[in-house]
Amino acid sequence: MCINKFANSTGQGDIESHGPVGYDNGITYMFIQHNNVFLMTASRQNCNAASLLLFLHRVVDVFNHYFEQLEEESLRDNFVVVYELLDEMMDFGYPQYTEAKILSEFIKTDAYRMEVTQRPPMAVTNAVSWRSEGISYKTNEVFLDVVESVNILVNSNGQIIRSDVVGALKMRTYLSGMPECKLGLNDRVLLEAQGRSTKGKAIDLDDIKFHQCVRLARFENDRTISFIPPDGSFDLMTYRLSTQVKPLIWVEAQVERHSRSRVEMVVKARSQFKERSTAGNVDIQLPVPSDAINPNVRTSMGTATYAPENDALVWKIKSFPGNKEYMLRAEFTLPSITSEEAAPDRKPPIRVKFEIPYFTVSGIQVRYLKIIEKSGYQSLPWVRYITMAGEYELRLI
């Protein structure tokens, strides 16, 4: 009955083209698709749609952890386990335990292990639902990666029409016991509250989102990021920088057609960051006519490969130091038979990918990372910075 109403609320057309939220007769339906499976929730109340959609994505993560791949066949083969997982993940319509590592401690996919009476892990009866007790490592280490993705969109006139930076603090923790971690950033609000100088050092971050392990009340009170970390990999925090960013790698392209049988392309790529930094794995995808053949390419640095399946010329530069400029020249042959009134092709943008280690656009800095555990062991924190291209497009051709 509920499934039929869900189908009615999303219309009789292609469900994949419908939005994730539908409404019918006082019931709101929200769904996501993963492979050939739709996961749907229904609510009679005015609930937080984003939290329900997030819960559905967590369900997908847990099922992938148990079944390797979530699809119709894996659901049919593991119906009993699916029922048990859903029973633990939600009670009376409220999400409970969504960490796959914790669930796997007392819900076993192995039938032999399921016969043994299992004692609920401490994480289920503890306030720290994302970490079990009794974890032990010979070497206690924490790896923190500050990763920033630069999103740039430049129009045909060379004007920047979109510019923002999305960052994440990605952690991998291998710590024994129940450690308390404290992280300090060069946050303007915190430095001003402490009476420190913020000239040239402090940053303003927008849309900050934390992992559930972070004590939000503590952060709102004194801007200290305090938490008991999960074991393994997780995203501690994500943020956004909305100020306009100068393109780190600028690409200029000139295209000339000769007598409708040959096209010539001259491309300049220039790095616009300081010389002490170096971009690696630079990948510049240049659009070419779909009927181009017989490429003749010369580059001052790197290698260029013609990818006819993508109608593109891919220019790869392994190492691109700051404040440098490189050039590419390419010639393509075109079919000699072309309509005089043929409309000009609508060309896709130039797409750029790169990675710059030991560099951040926002200037974010980890001032300290303290690990405190009651046993008093020494731990080794490692911090790494990296900037990479996100949606980085230049519509210049």
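The rules behind each value
Residues numbered from 1 in each chain as written. Predicted model: local features only at pLDDT ≥ 70, side-chain atom pairs only at ≥ 80, totals over all residues. Heavy atoms only, no water. Helix = DSSP H or I, 4+ residues; strand = E, 2+ residues; numbered from the N terminus. Buried < 20%, exposed > 50% of the residue type's maximum accessible area, 1.4 Å probe, protein only. Areas by Shrake-Rupley, 256 points an atom, 1.4 Å probe, with all protein chains shown as cover. Salt bridge = Lys/Arg side-chain N within 4 Å of Asp/Glu carboxyl O. Patch = residues over 30% accessible without salt bridge, like charges linked within 9 Å, V, L, I, M, F, W, Y side chains within 5 Å. Polar contact = N/O pair within 3.5 Å; in protein donor to acceptor, adjacent residues only side chain to side chain. Contact = heavy atoms within 4.5 Å. Pairing = 2+ DSSP bridges. Axes fitted to C-alpha atoms, helices over the stretch in contact; angles between N-to-C directions. Phe/Tyr/Trp six-rings, centres within 6.5 Å; stacked < 30°, edge-to-face > 60°. Lys NZ or Arg CZ within 6 Å of the ring centre and 35° of its normal. Core = buried A, V, L, I, M, F, W, Y, C linked by side-chain atoms within 4.5 Å. Arc of directions from axis to C-beta.

> Sorry, what's going on with the overall build of the chain here?
Assigned secondary structure in the chain consists of nine helices and 21 strands. Sorting the 397 residues of the chain into buried and exposed places 41% on the buried side. As displayed, the chain has an accessible area near 22800 Å², and 48% of this comes from carbon and sulfur atoms.

> Which parts of the structure should I look at to understand the pattern of salt bridges?
Considering all chains together, one arrives at twelve salt bridges under this definition. The salt bridge involving Glu-72 is made with Arg-76; its shortest N-O contact spans 2.7 Å. Placement of the pair is Glu-72 and Arg-76 together in helix α3 (residues 72–77), with a separation of four residues, close to one helical turn. Measuring nitrogen to oxygen at the nearest pair gives 2.6 Å for the salt bridge that ties Glu-180 to Arg-215. Highlighted residues: Glu-180 in strand β8 (residues 180–185) and Arg-215 in the loop between β9 (206–210) and α9 (216–222), separated in sequence by 35 residues. A relative accessible area of 35% means that Arg-215 is categorised as partly exposed. Among the charged side chains, a salt-bridge network with shared partners connects Arg-162, Asp-164 and Glu-391.

> Sorry if this is basic, but what is going on with a nonpolar patch on the surface here?
Taken together, the side chains of Phe-79, Val-80 and Tyr-83 present a nonpolar region at the surface, about 390 Å² in accessible area. Its location among the elements puts Tyr-83 in helix α4 (residues 79–89). The exposed category is assigned to Tyr-83, whose relative accessible area is 58%.

> I keep staring at the side chain of Ser-74 and nothing clicks. Help me out?
Within the fold, Ser-74 resides in helix α3. At 3.0 Å, the side chain of Ser-74 forms a polar contact with the backbone oxygen of Gln-69. Those residues in contact with Ser-74, other than ones at most four positions away along the chain, are Phe-67 and Gln-69.

> Explanation requested: the sheet that holds strand β6 (residues 141–154) in the structure shown.
Within a sheet, each strand pairs with its neighbour through backbone hydrogen bonds, oriented either parallel or antiparallel. Strand order across the open sheet formed by nine strands is β9-β11-β7-β6-β21-β19-β14-β17-β16, with mixed pairing between neighbours. Two strands close off the open sheet at either side, each with one partner strand: β9 and β16 (303–307). Neighbour-to-neighbour, the strand axes of the sheet open up by a mean angle of 15°, direction not taken into account. Across five bridges, β16 lies against strand β17 (residues 312–321) in antiparallel orientation. Looking at the pairing, Thr-305 lines up with Val-314 of β17.

> How should I be thinking about the side chain of Ser-226 in this particular structure?
Its place among the elements puts Ser-226 in strand β10 (residues 225–227). For Ser-226, a relative accessible area of 0% translates into the label buried. Side-chain polar atoms of Ser-226 contact the side chain of Glu-180, separated by 2.4 Å. Aside from chain neighbours lying at most four places away, what touches Ser-226 is Glu-180, Cys-181, Lys-182, Cys-213, Val-214, Arg-215 and Arg-218.

> What is the right way to read the pairing of strand β14 (residues 278–287) from this model?
Along β14, seven of the ten residues are buried, which leaves the element largely enclosed by surrounding structure. As defined by bridge partners, β14 adjoins β17 across nine bridges and the pair is classed as antiparallel. Considered in β17, the bridge of Gln-285 is made with Val-314. Judged from the four bridges that link them, β14 and strand β19 (residues 350–357) form a sheet pairing that is antiparallel. The partner of Gln-285 across the bridge, within β19, is Arg-351.

> Any chance you could explain the packing of aromatic side chains here in plain terms?
For any pair of aromatic rings, geometry is given as the distance between the ring centres together with the angle between the planes. Following the criterion strictly, the structure yields ten aromatic pairs and no others. Judged by centre distance (5.9 Å) and plane angle (55°), the ring pair of Phe-31 and Phe-38 falls under tilted. For Phe-31, a relative accessible area of 7% corresponds to the buried category. Taken together, a centroid distance of 6.2 Å and an interplanar angle of 75° make the contact between Phe-143 and Tyr-174 edge-to-face. Of the two residues, Phe-143 is situated in strand β6 and Tyr-174 in strand β7 (residues 160–174); the sequence distance between them amounts to 31 residues. The class of Phe-143 is partly exposed, set by a relative accessible area of 22%. The ring of Phe-143 carries Arg-172 above its face, with NZ or CZ at 4.7 Å from the centroid.

> Looking at this structure, I do not really get the nonpolar core. What am I missing?
Where a protein is soluble and globular, its nonpolar side chains tend to be buried together. Counting residues in hydrophobic clusters, the biggest one holds 40 residues, and the most contacted among them are Ile-249, Val-251, Ile-284, Leu-286, Val-352, Phe-354 and Tyr-392. Counting residues per element, the ones that place at least two in this core are β6, β12 (249–258), β13 (262–271), β14, β17, β18 (325–333), β19 and β21 (380–394). Non-local contacts of Ile-284, meaning those with residues more than four positions away in its chain, are made with Val-251, Ala-269, Leu-313, Val-314, Trp-315, Ile-350, Arg-351 and Val-352. Counting residues in each nonpolar core, the second largest holds 29 residues, with Val-142, Leu-169, Leu-175 and Phe-227 among its members.

> Honestly, the sheet that holds β10 in this entry has me stumped. Any pointers?
If you trace the three strands from one edge of the open sheet to the other, you get β10-β8-β20, paired in antiparallel fashion. The open sheet has two free edges, formed respectively by β10 and β20 (366–372), since each of these has just one partner strand. Sheet twist, expressed as the mean angle between neighbouring strand axes with direction ignored, is 10°. Examined bridge by bridge, β8 and β20 share six bridges and lie antiparallel to one another. Within β20, the position partnered with Lys-182 by the bridge is Lys-370.

> I would appreciate a short explanation of α4 in the present structure.
Because each turn of an α-helix spans 3.6 residues, side chains separated by three or four positions in sequence point in the same direction. Where α4 is concerned, the buried positions are Val-81, Val-82, Leu-85 and Met-89. For α4, the arc enclosing every buried residue in end-on projection is 100°, short of the 170-degree limit, so these residues lie on one face. The outward face of α4, more than 90 degrees from its buried face, is lined by the exposed residues Phe-79, Val-80 and Tyr-83.

Read these as spatial facts, not as claims about activity.
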